Amino acid sequence: MNAYTQIAEPVVSTTTEEELRSLEAAYCSHGDTVHYTDHPKFFSGCEGSFLFDSSETPFLDLQMWYSAVNFGYRNERLNAVAHRQLDQLPQVASQYLHREKVELAAMIAQDAERKFGNKGRVHFNVGGSQAVEDSLKLVRNYTGGKSLMFAFEGGYHGRTLGATAITSSYRYRRRYGHFGERAQFIEFPYHFRGPKGMSKEEYGHQCVQKFARLFESEYNGVWDPKAGKSEYAAFYIEPIQGTGGYVIPPMNFFIELKKVLDEHGILMVVDEIQMGVYRTGKLWSIEHFGVSPDVLVFGKAITNGLNPLSGIWAREEMINPTIFPPGSTHSTFASNPMGTAVALETLKMVQEEDFGASVMAKGALFLEGLKELKSRHAIIGEVDGLGLALRMEICQADSYTPDKATLDWMCDEGMKGDLYVNGQTYGLVLDVGGYHKNVITFAPNLMISTEEIKLAIELLDQLLNRAERR
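These remarks concern the structure in this document. (Residues numbered from 1 in each chain as written. Predicted model: local features only at pLDDT ≥ 70, side-chain atom pairs only at ≥ 80, totals over all residues. Heavy atoms only, no water.)

**Observations concerning the overall build of the protein**
If you tally the helices and strands in the protein, you get 13 helices and 18 strands. Taking the principal axes of the C-alpha coordinates as reference, the protein spans close to 70 × 70 × 50 Å. Counting all 470 residues of the protein, 54% fall into the buried class. Counting only contacts in the protein whose residues sit at least 6 apart along the sequence, the fraction spanning at least 24 positions is 72%. In the protein, which carries 46 positive and 59 negative side-chain charges, the distance between the mean positions of the two groups comes to 4 Å. (Helix = DSSP H or I, 4+ residues; strand = E, 2+ residues; numbered from the N terminus. Buried < 20%, exposed > 50% of the residue type's maximum accessible area, 1.4 Å probe, protein only. Contact = heavy atoms within 4.5 Å. Lys, Arg positive; Asp, Glu negative; His and termini not counted. Charge placed at Lys NZ, Arg CZ, Asp CG, Glu CD.)

Written out as C-alpha cells, the structure is:
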C-alpha cells in the first residue's frame with residue numbers, strides 16, 4: 001500500500017425502496033427497457049439460478065439477463081478471475097497490448113479455423129450493438145462501399161442506428177427519421193405460423209426459393225446479371241431468432257441459403273450475441289447448421305455479464321491489416337482487460353469437460369417438461385428448443401391465436417413472489433419475445449440443476465393454472 005492508497009469504509013445506504021422509486025421517477029430516463037412494466041422489481045442479491053429481493057424471496061430466473069449470465073450468478077471461478085484482474089491490471093488504454101486480449105483472440109480464431117476452415121482475426125468492442133456496427137463497417141469496407149443488407153423478418157441486431165437499420169421491428173426506427181439504408185427483410189421459416197401442410201424442411205426450402213427468385217432477373221431489383229453483381233453486401237442472420245421468439249429453423253435451411261449467397265457474392269454475417277457461448281449446446285449456434293460464416297458477431301455471455309465485451313471474428317481476407325487498418329473502428333473500452341480476462345477464463349472453463357453434452361441433456365429434460373405442460377394446458381400453442389434455448393408460445397384457448405395479454409399477466413404474476421413449492425415461496429423471472437410478443441423465451445442458467453428444472457416446470461404449471469382460471 002503506497003501513500004496514495006486509502007481503504008474506504010463500506011457505505012450502507014439507508015434510503016428506502018419507496019424513496020428510491022421516487023428518485024428514479026424524477027431523475028432516471030425511461031428510454032431504456034425498465035419501464036416496459038409499471039412497477040419494476042428491485043433486486044438486492046443473486047446466486048446461481050436465483051435473484052433475491054429485499055425480503056430474501058428467491059426468484060428462479062429463466063432468462064438470465066437475456067442469456068448474458070449463461071454460467072450462473074456469482075459464478076465463483078469467473079468472479080475470482082475478475083477480482084484477480086482488478087488487483088493486477090484492471091485498466092489499460094486500448095492502444096496498448098495485454099496478455100489476455102491476445103490469448104482470447106487467438107483462442108477464438110483458432111477454434112473458428114478448425115470449425116469453419118478459414119483463418120481469421122478477432123476485433124473487440126464493448127456491446128453487442130457496437131460489435132454489429134463494427135461488422136457493418138467491415139462489410140462495407142470489404143465490398144467497396146456497398147451499404148445495403150439483407151436481414152430476416154423477426155431478426156434483432158441491436159438499437160444503435162446502424163443495427164436498428166437491419167432489425168426488422170419498425171417501432172425501433174419510427175421516431176428517428178428516414179433510414180435510407182434499411183435492410184430488405186426476408187421471410188424466416190417460422191414453421192408454427194407458416195403455411196399449413198408443409199413439413200419444417202419443406203417450408204425452409206420454400207423460404208430459400210422465394211429469396212433466390214430475387215436473383216432471377218434484373219427487374220427484381222437486387223441483381224445485375226450482365227455484370228454478375230448484387231447491390232447487396234451481406235445477409236445478417238441469427239441462426240436461432242432471439243427477440244423474435246427463439247424460432248428454430250429446419251436443419252436444411254442455412255445450407256440452402258448459403259449456397260444462394262455464395263453464388264451471388266453476398267456475405268453471411270452470423271449474429272451470435274444471444275445464442276453464442278453454449279446457449280444451444282455448442283460454442284456458436286451456427287455450428288448446428290452445417291455452414292461457415294464470413295463474419296461472426298459475439299457478446300453477452302462471453303463474460304457471464306461481469307464486464308462488457310463483444311467482438312467480431314472475420315475471414316482473413318476481410319480483416320487483415322492491409323484492408324482493415326489501425327483505427328478502422330475504435331471504442332475507449334474495447335478489449336478492456338477486465339472483460340478479456342473473464343472471457344478467456346470462460347472459454348477455458350467450457351473446454352475442460354464436455355460442456356455441450358451437459359447443455360443438450362439438460363435442454364432435453366427441460367423440453368420434455370414443457371411438452372408435458374403443453375399436453376395439459378390449451379393456452380400453450382407450441383414448445384420447442386435447441387439445447388437450453390427454449391420457447392413456449394402462449395395462445396388463446398384454440399392453441400393458436402396469439403395471446404400477448406395473458407403472457408404479460410403471467411410475467412407480472414411471476415414477479416409477485418407468491419408461488420409455493422414444498423413450503424417455500426418463490427418468484428419466477430420470465431422474458432417475452434416473439435413476433436406477437438406472446439412467446440416465453442427461456443434462457444436458464446446453463447449450470448441449472450435437475451432439481452431446478454423440475455422446480456421451473458412446477459412454477460410454470462402454477463402460473464398457467466392461474467392464467468386459465470383468471
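What follows continues from the structure just given.
**Things to note about the sheet that holds strand 3 (residues 58-61)**
The strand order 1-2-3-16-15 describes an open sheet built from five strands, whose pairing is mixed. Because the sheet does not close on itself, it has two edges, and the strands there are strand 1 (45-47) and strand 15 (419-421). Looking at each pair of strands side by side, their axes are set apart by 35° on average, direction ignored. The pairing of strand 3 with strand 16 (residues 424-429) spans three bridges and is parallel. Opposite D61, over in strand 16, you have V429 as the bridge partner. The strands touched by helix 13 (residues 450-469) within the sheet are strand 2 (50-52), strand 3, strand 15 and strand 16, with strand 15 carrying the most contacts at an inclination of about 135°. (Pairing = 2+ DSSP bridges. Axes fitted to C-alpha atoms, helices over the stretch in contact; angles between N-to-C directions.)

**A closer look at helix 11 (residues 355-376)**
Relative to the 32 Å expected for 22 residues at 1.5 Å per residue, helix 11 spans 32 Å between its end C-alpha atoms, a close match to the ideal helical length. Along helix 11, the residues that are buried comprise F355, G356, V359, K362, G363, F366, L367, G369, L370 and L373. Take helix 11 and look down its axis: the buried residues cluster within an arc of 160°, on one side only. Exposed side chains of helix 11 directed beyond 90 degrees from the buried face belong to E368 and S375. Residues of helix 11 that are buried make contact with helix 10 (337-351), strand 13 (380-386), strand 14 (389-394), strand 18 (439-442) and helix 13. (Expected span 1.5 Å × (residues − 1). Arc of directions from axis to C-beta.)

Purely spatial values, then, with no claim about function.
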